[in-house]
Structures are given as structure tokens and as C-alpha cells.
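Residue-level listing of the chains:
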Amino acid sequence: MAGNDWINSYLEAILDVGPGLDEAKSSLLLRERGRFSPTRYFVEEVITGFDETDLHRSWVRAQATKSPQERNTRLENMCWRIWNLARQKKQLEGEEAQRMAKRRLERERGRREAVADMSEDLSEGEKGDLVSDLSTLGESTRGRLARISSVDAMEAWAGQQKGKKSYIVLISVHGLIRGENMELGRDSDTGGQVKYVVELARALASMPGVYRVDLLTRQVSSPEVDWSYGEPTEMLNPLNSEGPMDDMGESSGAYIVRIPFGPKDKYIPKELLWPHIPEFVDGALSHVIQMSKVLGEQIGDGNPVWPVAIHGHYADAGDSAALLSGALNVPMIFTGHSLGRDKLEQLMRQARQSRDEINSTYKIMRRIEAEELTLDASEMVITSTRQEIDAQWRLYDGFDPILERKLRARIRRNVSCYGRSMPRMVVIPPGMEFHHIIPHEGDMDAETEANEDGKSPDPTIWTEIMRFFSNPRKPMILALARPDPKKNLTTLVTAFGECRPLRELANLTLIMGNRDNIDEMSGTNASLLLSILKLIDKYDLYGQVAYPKHHKQSDVPEIYRLAAKTKGVFINPAFIEPFGLTLIEAAAYGLPMVATQNGGPVDIHRVLDNGLLVDPHSQQSIADALLKLVADKHLWAKCRSNGLKNIHLFSWPEHCKTYLSKIAGCKPRQPRWLRNDDDDENSESDSPSDSLRDIQDISLNLKFSFEGDKSEGRDNIDGSLDSEDQETKLENAMQTWSKGVAKTPQRSGSIEKGDKFPALRRRKHIFVIAVDADPSNGLSESVRKIFEAVEKERSEGSIGFILATSFNITQMRSFLVGEKLSPADFDAFICNSGGDLYYSSLHQEDNPFVGDLYYHSHIEYRWGGEGLRKTLLRWAASTAKNEEHIVVEDEETSADYCYSFKVQKPGAIPPVKELRKSMRIQALRCHVVHCESGNKINVIPVLASRSQALRYLYLRWGMDLTKVVVFVGESGDTDYEGLIGGVHKSLVLTGVCSSASSQLHANRTYPLTDVVSYDSPNIAKTCEGFSSSDIRASLEGLQVLQG
């Protein structure tokens, strides 16, 4: 019950009342003594919905009861409830211990298997660095960043960036974001992250070499919020308007771009945004493509300027950034701000809700899966402190610090990682604005004399604080924290009260949020505040401790200034502090610090060297450190000077310089195909079908190996083999082909007949048939009914068709032959669950299908190749029972970018989520798709899927996603959810894929309802036993067809 001080108070009160109990009515607790009795019904059946707030109310009622007997009865009942609370917490702790033990075994086993593949002895290198790179704060002989002139360093760095004009995209999906008058604290979604991303965008845009920064967020046009949140675009004022303006251009600067998605005219919390993330991704994709073209005209000599990075903030934006970076094939960066696994552990320890209740409230499992995906997709993960890496990210399947060190050592020695990859963890503390801060140079006596001379009066908050003190001129020990047990304020007050020399030399100021009435506060906060008041009374600290009831955000700088005027000290005694932004703020005003030795303050102290670190559990350690700084004026002055001298290292320019240098270390990625001047939507060039057919012929002689013959990027732990050689060969082939096409006369003379592939964008609508059923069990009939429903439009050519399945191209051809369909009936075929993309060829006699080789270069990011395949074969062998193979490799349907496995007994294998987890633990990044009613598993590149293939077609050929209709069954493969979200329309064919064998949703770690909103106007359902006319009626309801 550590951290629940009020429970201890209850128990003490109950013990105090003990002697007054009637001996004839002995305590139920004493009668129980661990044996069964009727009272167990009371404990197990009645006392089940407890929470701390309820117990606090019960305590208040018990205290107010006049009858001693009734009061004793109530206290006795409360004792049972507290006992039950302790019992449940112990049970949860046991379950958590079992989970952690299982996790350790899984991680150790995965690490052993990974190291077994990487057999070269690297013991010396693997003993090297700590997790990831050294802290970006650097090192010196004293363990902190060497002092340099920030002006000179920035000028030198700016000179190196001259001529660069980068485009950066930031994403922060939830909350209310605007550039001015931010409503911080309006709700739980509009907090410090909002301020951080706005200031980061503004600061980046002010840096040399950065031309434009877009901060993408949600457009909210709701009467319950200000109209400004509905504006599509908002330009942010420059960070420093007096800086150089050489790179300014028509579209340069920082902008908030609001993408409409989710319920219109309604502001909803972040937990309800998950079903609408695909819609945001589609809207963001459209914006980035258009902006890249605009910037290309301005600064790119007519060539699109793609983002150098897409940076997601928080899990929802990380999920969006992963999909967007995969669609564009550009690098991704992620900042978590807070992490789902850490939050889940904290909530489970509180024992207020079960795991299912927690997930229902916070959608925590979907959030955790999004964070795992960001580890799969990110080139770099930015954290504020080392503690975030060591204590939080290591909880995830996709990050193992030990395996990370081994991979880093192999990369340094240019040794293959066998398909394994790990994102770089980079510590870059948040930036702050210091140019408006003027540290105080005087003292209290000088200030008093100045006021007597008629200068401006003291701020109101000073008067509010100093009224508590009998001697306000003594140095002030300042603590600024909410009344939370984790902040450890009771230990601070106890340390102050126990140390008489400290009390004689200094005052203590506690800024603990705002309150009107203690009784109206939450139970935990109220109990903590009462404990502090009791300690003040116990040590008779009246006149020495200030605890004002109210302060405004604008008062905080003045509070720091007051503490600095008194030559005081700022203290953060929290048990664990993830970062410690208040420590930096205090240092900027010239305050030395005393801070916890657990967490972020260690990194801050290493850089600023402006105070002392203490054990937060030791009252003596806290008192000694405070007394040392207050009593030793030379030490105080030295700490103040060090803080002011080094504080610029936490400035936004310094943050951005490190940020941009790290981005420069990422391997550039962008769409690889060549764009000719005539390749636009109004082009009447030769048919690309000929070109792709030629490329297919070329590809027969270009067998690219993805196993071990490519070197990894020097700066990235990316086990995916370097495709630079492949891309060079492919580009040379494409250049040769493109020159030949330019010299070849047009064969057909008819755009409609010859210009096949631009038809994807010239079609009025594109129908994507993604029904995950066997040909004999719904797919064939569904295709026939869909064709019949739009026979008129199909014959006119206004509707094109794409078939998207888990089949490989051979199975696809067999299906078409069996159903007497022609490949020409479809514009494209998405095969192997999104691992391959084909088009129908005009040269049916030679080869009816043409593969898009650029699609492979687009999706191959972190593809594990043969290293992944060997690990999958080991996993398949491990599923065997009694020498009977349950999962076997399907070599006939496997392809270069899809490893397929047959499932002999679908009910006998673990859920696919376990396979995905196992691959992540071994640092293998892939997308595992359970398909064909559980009879097959396709493993494809991590950012490949059927829905991502549709976004590729939009990027490649300009296919308008708003004109796309996706047909799906009631359920489907495990990538099903991606097909029924986005700006496209979705039509669910009721009764198709409705059998129990088609229900593969159990392979997810979260319910399908968490990510699919069937109330969306873009989703419709047919009736049971639908006909072609019912399909047409549904399409008319979606306003795709006119009645």
C-alpha cells in the first residue's frame, strides 16, 4: 500500500478505536483469522467496486457519525474494504510478476536465437556503448557537454546548412492546436504536447537549411470550440523575427495544417480517434503530395520536394506517421511523450480497474500496438531522457537494449545483421525559449529600497507568498508540483522540519496547484495536502512554510524570480522524474537546484552542473543538500553561474541543431520511379503497359539478392539489406527504357486503347474487390454480382476494377481462368496480401500480367530477406506436435516479398499476434497476415498491405482515393481493418465471410470495434442474401452511382 498514505491513516484510526469496541461484538476481522466464515460473502461479493475516492467519502461520513457504535461499525466495514484492496493488489502483483517472468523468458529466448544467427564473435564490440548513441548532450572529461560559444557554434553550423532547403512534416493528431493563445489544460488532450509541437515547428522553420515545416493535426469545426480550430491552415509567426530571412519564399515557414477526419462538427477525445486514423492518413497523403509539387516548382527545379522526415508525436500520430511514411517511402521519426505500456503498468498497480476495463476506457491495447508499429517503422526515436529508454521503451517487444548493442557493434564492423533492425534511440531534451528571461541580479534589500523610491510595486503573487513568512528575507526553498504522492512533498516537509539549522536559515514555499476547498479535491490529493498540513503543525512550521491556494500560469515566472531574489534554491524531490522541465525553467532564472537522482534530472545536472542530486527516499540527504546550498554562498553562486552559462544548451536552436544533424544521419528515401515532364494527368504519352512489359523482361535478368550481399547504412541499425545497388540497376534499366519509348512511334494512335495505366486516374470510379473468401465460398459469386450491378458503367469504361487478395499471381490467374474472366477486366491486381502489385497487359498472348518493380523498391524498407525466412522456418518447426507438422512453408506461393506458410490445423497454432511478437523480439520487422480463413499465413514487408497498395496507386498514378469503393465481407484476413477506413467508400457484403472459420479478429490484441466505426458515412452494408440490384442500391446510397 505504498503511496496510499490515506489508507495508513484509516488503519491507524481503526486501531485507535479498537479498545472502544464492544467485546460481545468482536471484530469480524478477528473472527475471520483466515478461516471460512459467512463474512467472506461480504468481502468477496459486496466489496467489489471499491476505489480510493469512495473510501475517502466513507471516511468522512464515519468521522461525522455521532454514535460510537455506528462509527465503529463503519470503520470496521472500511477495514474489510481496505483488506480487500490489499488482497487484490497482492493478487495483481502476483499476476504481473508472472507476466514479467514470462516476458523475460521470451526475450532471452529470442535474443539467443538472434545471436545464434549472428554467429561471429563480437564480444569486444558488444561490450561497448550503452543503449544507442551517446546522449546528444555529449560528454567531456567531467561527463557533461564541453562549454562552447553558442553564437559562434550556431554561426558555424548555419554556414554548413547554407543552400539546403528541407521540407519537414510533424504530426500531432489529438487536442486543440493553434499558434497563439493556446488553451493548455482545457482538457486532458490539450496539454504540454500541444505547446511542444507548436514551438518545435516554429523553431525548426527558423533554422538554416529548413524551408518549410508543416504541423498536421485534426480540423475541428465544432460549436463547442473556438472557430480558429476549423481553419484549414494557420501560419506560425517566426521564432525570431529579427533573424536572417534569406531562405524566405512564397511557401516557406511553419504552418499548422488541419486535416478534416472523424465526426464532423464534433470534438472527441483521443481514445475515440483510432477508427478515423486511416482517413487522416489519406488526407495527409494528399496534402504532402500537393505541397511537394508546389515546393518543387519553387525550389526544386520542377521536381517534387519530398519531406526529409515525417515526425509523429504520441501513439496516434506515430501510427499515422508510420502509414504515411510507408505510403511515401520517406524516413519516419517518433516521439512518444508518454507510453502506453508504462501507463498500463501504473493503472494495473492501482488496482482500480481490470485490464479489460482499462482497455475499454483508454483503448490501451490499440495504443500499445501503435507504439510497437512505430518501433518497426521509425528510423529514429527521440526521447527527452535516458530514463525513458532504460525504463519505458525496454518494456516493448520491438526494443531490446542488449540486442541493440549487439546490432550496433555489427554495424560498426560492417557485418551483416541478417535482416534484423532496431531504431536509433536519441536523447534530445525539449527546447525552451530564454530570450525573454532576464535573471535577477539584486536581492531583497535592494528591491525594498527600489520600491520605496517609487518604482513599480511587487507582483501580486509575491505578496500572496510572503504573507506566510515571519521573515520573508530568508532564502526561499521552492517546490513547484501538484499534490501527488509521486512528487514526494511529504518527505521534503519532514526533512525541513527535522533540520533545525535549515529552518533557521531558510523558508519553504510549496506551490501545489490551485484549490478552493480541500474537501472538494480528489481523495489522494486531499489526503496528501492534509498530511502536509499535519506535518507543518507537528513541527510548528508556521511562519516558515508558504502554501498559497491559487496562482496563475503567468505567475510562475514571478515565483522563480522571487526565489532568485532571496538567493534561494529550487527542489524537485520526486521519487522518479521522467524529465524535469521545471528544473530548466528555474535554472534560466538563476536558481540552483536540488533534484532526485532518479530519472531525467541526472541528464539535466550532467549538462548544467548547477546543483546537487539526492536520494528522494532519504530525508537526511535532502536536508543536507538544501543546507549546503543555502549556507555556502560561494557554492550557491557557482551553481547559479553554471546554470546560466549552460542553459543555452536547452534552447530551441540547440535542440533543432541536434535534431537536424540526426535527421541528416538517416538514409534518404523517396519514391524511386522517374517522372517525365509529360507524365501528368493530361498526358497523352505512349502506353506505360509497353514500358512495364519491357521492365518485366528486364527483371528476368535482374535477380536481386536480399541476403547478406548488401551493406547496412552506417547510421542506422537497419537489418534490411541495402538496396542501393538494386535501385541503381533498376534506374539504369528505366532510363534506357524511357529513352527508347521517347524514340518509338506511338503504336495504337488511340488513347483509350493504348493508354492503359493512366486509366486508373481517369476512371470515374475504381472498385476494389477485397472479399477474403474462397472462390467456391463467396468470392466468385461476389465478383459476378458486383459486375452485374454496374454492367452499364463497366461497359462504358467509367468504372475500373482492382482485385486485392492473398493469392499469388499464379493463383490469381487460375481463379480468372476458372471463372472465365479476362485479366483485362481488371486494371490492377494486389497479390500476396499487398506484397506484389500487377497490372493487366495489353499483350495477352505474351503475358497477361505486368509486375510493378518500383512497388518492390517502395515497400522493401526493413525487409528481412533470408534471415527472416530462416527464423520463420524455425518458428514453423516449433509448432509441431507429436512429430506432426502444423505449419509448413508453401514454397509454390512464396515470393521475394512474401513468405507463405500453409496451416494444416488452424485451431492448433498460437494466434498470429504471438508470431508477430516473436519476430519483434528478435528485431525482425514484418507484417504477418493470417488469411484464407486461417489456412494460410503471409509474411510481407512491415509497411506493406492491401490498403497501403491503394495509397501507392494514388501516389504512382494519381488514382483518386475519394473515388474508390472497397468491397469486403463481414470479416476477413487480419489486414481487414485497413480496408474499411479512409477517405474511400466501403461496402460490406453481409453474409460473406461470416462463418466461424473466417473470424480471425482474435489475432489482434484489441477488439475490432476499437478501430472500425461502422457509423461512418463512408461505410454501408448490404442486406442479407443480397442481389446485384441490392449492391447497386447500396452504391447509390453511398452516392457513388446515381439512381
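Here is a short report on the structure shown in this document.

The rules behind the values
- Residues numbered from 1 in each chain as written.
- Predicted model: local features only at pLDDT ≥ 70, side-chain atom pairs only at ≥ 80, totals over all residues.
- Heavy atoms only, no water.
- Helix = DSSP H or I, 4+ residues; strand = E, 2+ residues; numbered from the N terminus.
- Contact = heavy atoms within 4.5 Å.
- Phe/Tyr/Trp six-rings, centres within 6.5 Å; stacked < 30°, edge-to-face > 60°.
- Lys NZ or Arg CZ within 6 Å of the ring centre and 35° of its normal.
- Pairing = 2+ DSSP bridges.
- Axes fitted to C-alpha atoms, helices over the stretch in contact; angles between N-to-C directions.
- Buried < 20%, exposed > 50% of the residue type's maximum accessible area, 1.4 Å probe, protein only.
- Parallel < 35°, antiparallel > 145°, perpendicular 65-115°, else oblique.
- Left-handed = near helix turned anticlockwise from the far one by under 90°.
- Nonpolar A, V, L, I, M, F, W, Y, C, P; charged D, E, K, R; others polar.
- Core = buried A, V, L, I, M, F, W, Y, C linked by side-chain atoms within 4.5 Å.

A few words now on the overall build of the chain. Broken down by element type, the chain carries 39 helices and 26 strands. Sequence separation of at least 24 residues holds for 74% of the intrachain contacts in the chain that already meet a minimum separation of 6.

Here the focus is the packing of aromatic side chains. Scanning the entire structure with this criterion turns up 18 aromatic pairs. Here the aromatic cluster, defined as three or more aromatic residues joined through ring pairs, consists of Phe 767, Phe 787, Phe 801, Phe 826, Phe 829, Phe 849 and Phe 967. Seen from the ring of Tyr 396, Arg 341 lies directly overhead, with NZ or CZ sitting 5.2 Å from the centre.

Right, let's get into the sheet that holds strand 8 (residues 424-427). With mixed pairing, the eight strands of this open sheet are ordered in space as 3-4-2-1-5-6-7-8. Each edge of the sheet is formed by a strand with only one pairing partner; in this case those strands are strand 3 (233-236) and strand 8. Pairs of neighbouring strands in the sheet enclose a mean axial angle of 25°, with direction left out of account. Of the pairings in the sheet, the one linking strand 6 (residues 332-335) to strand 7 (residues 380-383) comprises two bridges and is parallel in character. Looking at the pairing, Phe 334 lines up with Val 381 of strand 7.

What follows is about the sheet that holds strand 13 (residues 593-596). An order of 11-10-9-12-13-14 is seen for the six strands of this open sheet, with the pairing classed as parallel. Looking along the sheet, the strands with just one partner apiece sit at the ends: strand 11 (545-546) and strand 14 (611-614). The pairing of strand 13 with strand 14 spans four bridges and is classified as parallel. Bridge pairing in strand 14 links Val 594 to Leu 612. In this fold helix 21 (residues 556-565) packs onto strand 9 (476-480), strand 10 (507-511) and strand 12 (569-572), with an angle of close to 155° to the strand it touches most, strand 9. Where helix 22 (residues 581-588) meets the sheet, it contacts strand 9, strand 12 and strand 13, and its direction lies at approximately 175° from that of strand 12.

In terms of residue burial, helix 22 counts as a mostly covered element, since six of its eight residues are buried. Residues Thr 582, Leu 583, Ile 584, Ala 586, Ala 587 and Ala 588 constitute the buried set of helix 22. For helix 22, the elements touching its buried residues are strand 9, helix 21, strand 12, strand 13, helix 23 (601-608) and helix 25 (633-646). Phi turns positive one or two residues past the end of helix 22, at Gly 590, with a value near 90°.

Turning to the packing of helix 18 (residues 489-498) against helix 24 (residues 619-631), a few remarks are in order. Close contact between helix 18 and helix 24 brings their axes to 9 Å; oriented N to C, the two are set at 65°. Comparing their axes, helix 24 and helix 18 come out roughly perpendicular. At the point where helix 18 passes helix 24, the crossing takes the right-handed sense. Contact with helix 18, carried on its side by Thr 491, Leu 492, Thr 494, Ala 495 and Glu 498, involves Gln 619, Ile 622, Ala 623 and Leu 626 of helix 24 and no other residues of that element. Tallied by class, the residues present in the contact of helix 18 with helix 24 amount to five nonpolar, three polar and one charged.

This brings us to the environment of Pro 1007. With respect to the element layout, Pro 1007 can be found in the loop between strand 25 (985-988) and strand 26 (1019-1021). Accessibility expressed as a relative area gives 37% for Pro 1007, which makes it partly exposed. Through-space distance from the C-alpha of Pro 1007 to that of Met 365 is 9.0 Å; in sequence the pair is 642 residues apart.

Attention now moves to the nonpolar core. Residues Ile 171, Leu 328, Trp 393, Ile 802, Leu 950, Leu 953 and Met 959 are the most contacted members of the largest nonpolar core, which totals 101 residues. Grouped together as the second largest cluster of nonpolar side chains are 74 residues, Leu 529, Val 569, Ile 604 and Trp 636 included.

The next point concerns the packing of helix 12 (residues 355-362) against helix 13 (residues 364-377). Direction vectors running N to C along helix 12 and helix 13 enclose 75°, while the axes themselves pass 6 Å from each other. Taken as axis vectors, helix 12 and helix 13 run roughly perpendicular relative to one another. Contacts between helix 12 and helix 13 involve Arg 355, Ile 358, Asn 359 and Tyr 362 from the former and Ile 364, Met 365 and Arg 366 from the latter. Taken together, the residues of the contact of helix 12 with helix 13 break down into four nonpolar, one polar and two charged.

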